[in-house]
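If you want the building blocks of each chain, they are given just below.
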Amino acid sequence: MPDIRDFIRAGRAELKATLIIKGGQLVNVASDEIYPADIAIYHDRIVAVGDVKIYEGKDTKIIDATGFHLCPGMIDGHLHVECSKMSITSFAKAVVPLGTTSIVSGLDQILVSAGVAGAREFLDEAALSPLKVFWGAPCKTPYTLPVSNVGHYFGPEDHLATHSWPECVGIWETVREFIQEMDEKVLKALEIAEKSRLPVLGCAPMARGQKLNSYMQSGVRADHESYTHDEMLEKLRNGMHVVIRESSISHFLTENLRLVTELGITATRRISFCTDDVVASDILKRGHLDNMVRMAIAMGIPPLTAIQMATINGAEALRIDHKVGLIAPGRSADILFVKDIKDFRVAKVVAKGKLVAEEGRMVAKLEPPKRSDTLMRTFKVDPVKPEELVIRGKGTGEKAKVLAMAVSPDQIFVRKRRDVTLKAKDGVILADPALDVQYVTVVERYGRTHNRPVAFVSGFGLETGALATSTAPDDNNIVCVGTNKEDMAVAINHIIAHNGGQAVVKDGKVTAFLPLPIGGIVSDLEPEEMAAREEALDDAARALGCKLPWPFMYMFVLQITAIPDYAITDLGAIDCIDLKVVDPVLAPF
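Residues numbered from 1 in each chain as written. Predicted model: local features only at pLDDT ≥ 70, side-chain atom pairs only at ≥ 80, totals over all residues. Heavy atoms only, no water.

Before going further, it helps to spend a moment on the pairing of strand 11 (residues 168-175). Burial runs high along strand 11: eight of the eight residues are buried. Two elements, strand 10 (residues 132-138) and strand 11, share four bridges in a ladder whose sense is parallel. Looking across to strand 11, one finds that Gly136 is bridged to Gly170. Chirality of the crossover, the property in question, places the unit of strand 10, helix 4 (residues 156-162) and strand 11 among those that are right-handed. (Buried < 20%, exposed > 50% of the residue type's maximum accessible area, 1.4 Å probe, protein only. Helix = DSSP H or I, 4+ residues; strand = E, 2+ residues; numbered from the N terminus. Pairing = 2+ DSSP bridges. Right-handed = clockwise from strand over helix to strand, strands pointing away.)

Have a look at this one:
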């Protein structure tokens, strides 16, 4: 690729443009204008906007944009890309045709599974694709409190080694509880970030008042976790860049944008978009950031303002607006062709200076790279035995009072306490599908322990069988929910045998399976095939009685201890308020 000297020469037309886009209406998100302008591009960078005749040479390619608005490529400001279960290459195939040309990700899931080397491979893969991946170095991994067992613990030494990576743009997912508890490794990471002049990017769901005031002493710049519009307003008033999340399972855009539509807040340049966690089937049905733009417009947000929320606002929040987020000289040549900005359907995508997608499909061929053993061999665990997946009572009676983690489609990820009385037999407490109480276990898969605690969960509605997954933030150990230990063992062992995946088991037989061999968490499947596999898994889960809208997403977030009130990791059931392991057996009868 050219160096800075070539781009400087190209900027004064000594080197001619490799591509010129003519005849379009420029959506200038910096000046808040729309006007006719042509765009000259040299390799992957914009060199001129406006009258660009002098930049045209005999080898310059021309794209006619007559009848189109030309918008900047969109930026997903906070995304756990691995939670899509798609590799970087597969994810690019899904979202680039929809206009997402940049994402900001901590790659925290591959970090805990395959270490810094695994994350480096993902970033190198992105460099070969039309999708830019800006990397936020996680404040630490895993994010669990107490700390669960993982393949790699990202800490201060890793920060010292990676802040110089060209993709590194900040300290990512700075969980409020780490600041509250004054976690020494996180505080050290923040000190290193200060010296590296990197911004701190937050994660502070439901933080208000004194908790928010204390948290902001960490220097956090942006936050993507506001459950209500008034929570988001408090963060905005306290100087944060606020990022609205609309994921496959967490739908906050409509609530958060009440900040503008009802309260009349005009500081919209401090508001940007992210999706956090999305899956292929949802992307193919609703879209990605383009869907968020359409949703915002439907709420009454002016189209140009909505486009700013998906482009320059996020770039400014992350201090990368000198690279992306607007169509201007020196920026990456990421340009969307949109007929009607009120409807916002992306017809063509230029990314990194090349036409890569038209009418919702890639025109550029993308092939995944060869995978190393670092990524493909992450399981160091023996098969489980059914008798290991039991939970014993505290007495010899025929009943026991237990704590079940209750999930609800109305409470997003939040798990509340449900006390329930279950039958016991031979000292073993029995799950009860009639009461909607199932077993849940987490099997540590990195060979550090033999941990496989069992607790109780409610809300899945399973009448029989088991569900299991090895993609499960924040530590990606194997999570399994089931009605009986035999089916649970079959599901877990099937995942171990295939080095990762998601499985549904009924009566000892695997009825649906999605292989996820890369780090045990992602696959190179095409987005359409991934979506079909996801739907097959969900259908198989519903055949067991599951009533949740996204069965596997609700299951794989059970390990997240940053979300109240209860979780489960390989350490056991976790009280997410007091941040401690708790016994799910409350009392014998």
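Once that is clear, we can look at the packing of aromatic side chains. What the rule picks out here adds up to six aromatic pairs. Between Phe7 and Tyr42, the ring centres sit 5.8 Å apart and the planes meet at 90 degrees, which makes this aromatic pair edge-to-face. Note that Phe7 is positioned in helix 1 (residues 4-11) and Tyr42 in strand 4 (residues 38-42), a separation of 35 residues in sequence. Here the two residues Phe7 and Tyr42 agree in accessibility, since each one is buried. Ring-pair connections join several aromatic residues into one group, and the members of that group are Trp135, Phe154 and Trp165. Over the aromatic face of Phe178 sits the side chain of Lys140, whose NZ or CZ is 5.0 Å from the ring centroid. Above the ring of Phe337, the side-chain terminus of Lys348 is found at 5.8 Å from the ring centroid. (Phe/Tyr/Trp six-rings, centres within 6.5 Å; stacked < 30°, edge-to-face > 60°. Lys NZ or Arg CZ within 6 Å of the ring centre and 35° of its normal.)

The next subject is the nonpolar core. Grouped together as the largest cluster of nonpolar side chains are 156 residues, with contacts concentrated most on Phe91, Phe273 and Phe460. Take this core: its biggest share by element is eight residues, from helix 3 (residues 108-127). If you look at the next biggest cluster of nonpolar residues, it comprises 31 residues, including Val384, Leu422, Ala431 and Val585. (Core = buried A, V, L, I, M, F, W, Y, C linked by side-chain atoms within 4.5 Å.)

With 13 residues, helix 6 (residues 184-196) should reach 18 Å at 1.5 Å per residue; the first-to-last C-alpha distance of 18 Å fits that figure. Within helix 6 the residues assigned to the buried category are Val186, Ala189, Leu190, Ile192 and Ala193. Seen end-on, helix 6 carries its buried residues on one side only, within an arc spanning 165 degrees. Counted as exposed and oriented over 90 degrees from the buried face of helix 6: Glu184, Glu194 and Lys195. Where helix 6 begins, the side chain of Asp183 points an oxygen toward the backbone nitrogen of Lys185, at a separation of 3.0 Å. Phi for Arg197, located one or two positions after helix 6, is positive at around 60 degrees. (Expected span 1.5 Å × (residues − 1). Arc of directions from axis to C-beta. Polar contact = N/O pair within 3.5 Å; in protein donor to acceptor, adjacent residues only side chain to side chain.)

A few words now on the sheet that holds strand 31 (residues 580-582). Ordered in space as 29-30-31, the three strands form an open sheet in which the pairing is antiparallel. Each having just a single partner strand, strand 29 (566-569) and strand 31 make up the two edges of the open sheet. In this sheet, adjacent strand axes meet at a mean angle of 45 degrees when their direction is disregarded. Looking at chain direction, strand 29 and strand 30 (residues 572-575) are connected through four bridges and run antiparallel. Each bridged residue has a counterpart across the sheet, and for Ile568 the counterpart in strand 30 is Ala573. (Axes fitted to C-alpha atoms, helices over the stretch in contact; angles between N-to-C directions.)

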